[in-house]
Amino acid sequence: MSGVLVILEQRSGTWNRMSYEAVAAGRALAEKTGQPLAVATLAGKGAALSWQIGGQPTTAYLVEHELLEPYTSDAYVIALEQLIKKLEPSYVLFPHTYQVRDFAPALATRFKQVLISDVIAIRYDSAGSAGPVFVRQLFQGKLNADYRHAGTGPCFVSLQAGSFRADESTSSGTPETFTPQLEASQIRNKPGERFRESGQTVDLTQAPVIVSVGRGIGEQDNLPIVEELAQALGAELAASRPICDNGWLPMERQVGSSGQTVSPKLYLAIGISGAIQHLVGMKGSKSVIAINKDENAPIFEVADYGVVGDLFEIVPELTKAIQTAKA
Amino acid sequence: MKIVVAIKQVPERDAPIHIASNGRWIDDADLNYTINEPDAYALEEALQLKEKNGTGEVIVVCAGPERVQSTLREALAKGADRAIHIEAEDLTGLDTLGIAQILADAIKPESPDLILTGLQSDDLGLGQTGVVLAELLGIPHATIIMHVEPTSTGLKVKRELEDGWFQHVEMPLPTLLTIQSGGNKLRYATLMGIKKAKTKELKTVAASASTAASAVTLDRVYLPEKQKKTEMLTGSPSEIATKIVEKLKFEVRVL
């Protein structure tokens, strides 16, 4: 058992950008552990893929079968189980996408292993038999935790978006095709077409200034104080998931892994603790100002300017000060 | 439809988190516990499915020490029909596979049509117990589900994908779904519900013995290091407002 295998995600010939980050993590892991690197992706029959996976020559596998399109967890688990049994890698890395979350835990179970999910860093500080340390977050980002693989089978790891810097892309040549044994009867779910809800009108991705509100606002009746601030700043109003879950703001105003990914000049986070699902969506912001009553809130780890305090006292004062400055 | 909802008891979100002296978990001496929020949405989905159908049974299952019975009672007060407490003093030594195995062993004799659970937990956030449970039980699964609709042959569910995309998936029964928040509004337990809950069955079963060694170990927990050098702005609210305006003018340049 040797090697690092990175599973890349693509849809209709377009690579998920997190795949490149996973390759970067895989390359570092391969170098540190002195093992060869291989990459693989799954696709339907006749997939036209341009392999741009970066760095030095790497073995690439195209796992191809008509039953792999559209995606189902059953087909992916069966196909990857066969590929992994053939290659016998020590490590199997995935980008932490929604698709990976859907099938990778079941795949790991087939090998009596546990997926170490949404890893934000890999440390190699204790060289030797203990192996690398996989860092992931606990308690909505309030704590970090060091995990180690203890099993005898392959170590399955998924990598959180934005945690590893993607390599420059260069071509890697022709992949080897691997055709898994798959039967239609093994696939139990019937997926439909992907769709978006109609009437999505708010495009936060282009907004230069965003005022974003989280759980700290307490209740819907308190929203006007952040609406007034957004208005004073000429900003788009956004929110973290719980605000939209409660129906206080429409889902299309949500920033995060399940909402929109934004990159404004200014992101003003109000009463947002900063769980990783939210940080993933706002990491590209040029400047971040955070106001939160909890000094240990993870949002302060990514903020340029932080205010520990009561948003109900600070936000109205800030709105006034901005109005005065603009007058 | 017989629906099992697997729920987890977790520390309240606002609870101050202190690292235990051995550095391997948190100090749980003074913590208040509650139902894992995504699991509350799974319970809500189960209760609504039963109400829409007019028949069926909702059984809540939770593994942990005696304190988890309060969370099970709350689920009964909201409308679950009965509860199973899988008694396990300390679960921290088990990995996801171990936890899913004791859940599978307790759920299997019930032969449910549908198993629901939240998409991830607020404490560990591994987001895989449901998928592993389905794999161990040999039933299909679908994750991050916003809506569930019974059909003549099984279920039609609405999955949330990334970046605002969705997908419908048709699946046979029995099956397992992990439920996303926001698909439904959570209900509160009524006074009548709380009264009724006292008469409902809460069965305690022993956790099945774990045979396998852990596939992963949690070595250490610690406070995250800052990724950015954050300048903290202090003072009275109006002083802070003035300082932020200065930053907006001269550093961020949006005013």
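Computed from a prediction, not measured in an experiment: that's the story for all the values here. (Residues numbered from 1 in each chain as written. Chains lettered and ligands numbered in written order. Predicted model: local features only at pLDDT ≥ 70, side-chain atom pairs only at ≥ 80, totals over all residues. Heavy atoms only, no water.)

Draft legend 1. Here's a closer look at the nonpolar core. Counting residues in each nonpolar core, the largest one holds 62 residues, and the members touching the most others are V6, L93, F134, L138 and L159 of chain A together with L133 of chain B. For this core, the element with the highest residue contribution is helix α3 (residues 96–107) of chain B, accounting for eight residues. By size, the runner-up hydrophobic cluster in this structure holds 38 residues, among which are L249 and I322 of chain A together with A241 and V254 of chain B. (Core = buried A, V, L, I, M, F, W, Y, C linked by side-chain atoms within 4.5 Å. Buried < 20%, exposed > 50% of the residue type's maximum accessible area, 1.4 Å probe, protein only. Helix = DSSP H or I, 4+ residues; strand = E, 2+ residues; numbered from the N terminus.)

Draft legend 2. Summary view of the interface of chain B and chain A. On the side of chain A, 83 residues touch chain B, which itself brings 85 residues to the contact. When chain B packs against chain A, close to 7700 Å² is buried across both sides, 54% of that on carbon and sulfur atoms. Summed over the shared surface of chain B and chain A, the number is six salt bridges. With a shortest N-O distance of 3.1 Å, D146 of chain A and R220 of chain B are connected by a salt bridge. Taken together, chain B and chain A are joined by 41 residue pairs in polar contact (both at pLDDT 80 or more). (Contact = heavy atoms within 4.5 Å. Buried area = accessible area lost by both parts, 1.4 Å probe. Salt bridge = Lys/Arg side-chain N within 4 Å of Asp/Glu carboxyl O. Polar contact = N/O pair within 3.5 Å; in protein donor to acceptor, adjacent residues only side chain to side chain.)

Draft legend 3. The arrangement of the sheet that holds strand β9 (residues 143–149) of chain A in detail. Read across the open sheet, the 10 strands follow the order β11(A)-β5(A)-β4(A)-β1(A)-β6(A)-β10(A)-β7(A)-β8(A)-β9(A)-β12(B); overall the sheet is mixed. Two strands close off the open sheet at either side, each with one partner strand: β11 (176–178) of chain A together with β12 (216–222) of chain B. In this sheet, adjacent strand axes meet at a mean angle of 35° when their direction is disregarded. For strand β7 (residues 116–123) of chain A and strand β8 (residues 133–138) of chain A, the ladder comprises four bridges, and the chain directions are antiparallel. Across the sheet, residue V119 of chain A finds its bridge partner in β8 of chain A, namely R136 of chain A. Each of β1 (4–8), β4 (37–43), β5 (59–64), β6 (91–95), β10 (155–159) and β11 of chain A is contacted by helix α2 (residues 73–87) of chain A, which is oriented at about 125° to β11 of chain A, the strand it contacts most. Contacts between helix α3 (residues 98–110) of chain A and the sheet are confined to β6 and β10 of chain A, with β6 of chain A contributing the most and set at about 165° to the helix. (Pairing = 2+ DSSP bridges. Axes fitted to C-alpha atoms, helices over the stretch in contact; angles between N-to-C directions.)

Draft legend 4. Representation of the pattern of salt bridges within the structure. Using the criterion set out here, one finds 24 salt bridges over all chains in the structure. Of the charged contacts in the structure, one is a salt bridge between E81 of chain A and K85 of chain A, with a shortest N-O distance of 3.1 Å. Within this pair, E81 of chain A and its partner K85 of chain A are both found in helix α2, separated by four residues, close to a single helical turn. Salt-bridge contacts for D102 of chain A lead to R159 of chain B; the nearest nitrogen and oxygen are separated by 4.0 Å. With D102 of chain A in helix α3 and R159 of chain B in strand β8 (residues 154–160), this residue pair bridges two chains. As far as the burial class goes, D102 of chain A and R159 of chain B line up, both buried. A single salt-bridge network, built from bridges that share partners, covers E81, K85 and R110 of chain A together with E135 of chain B.

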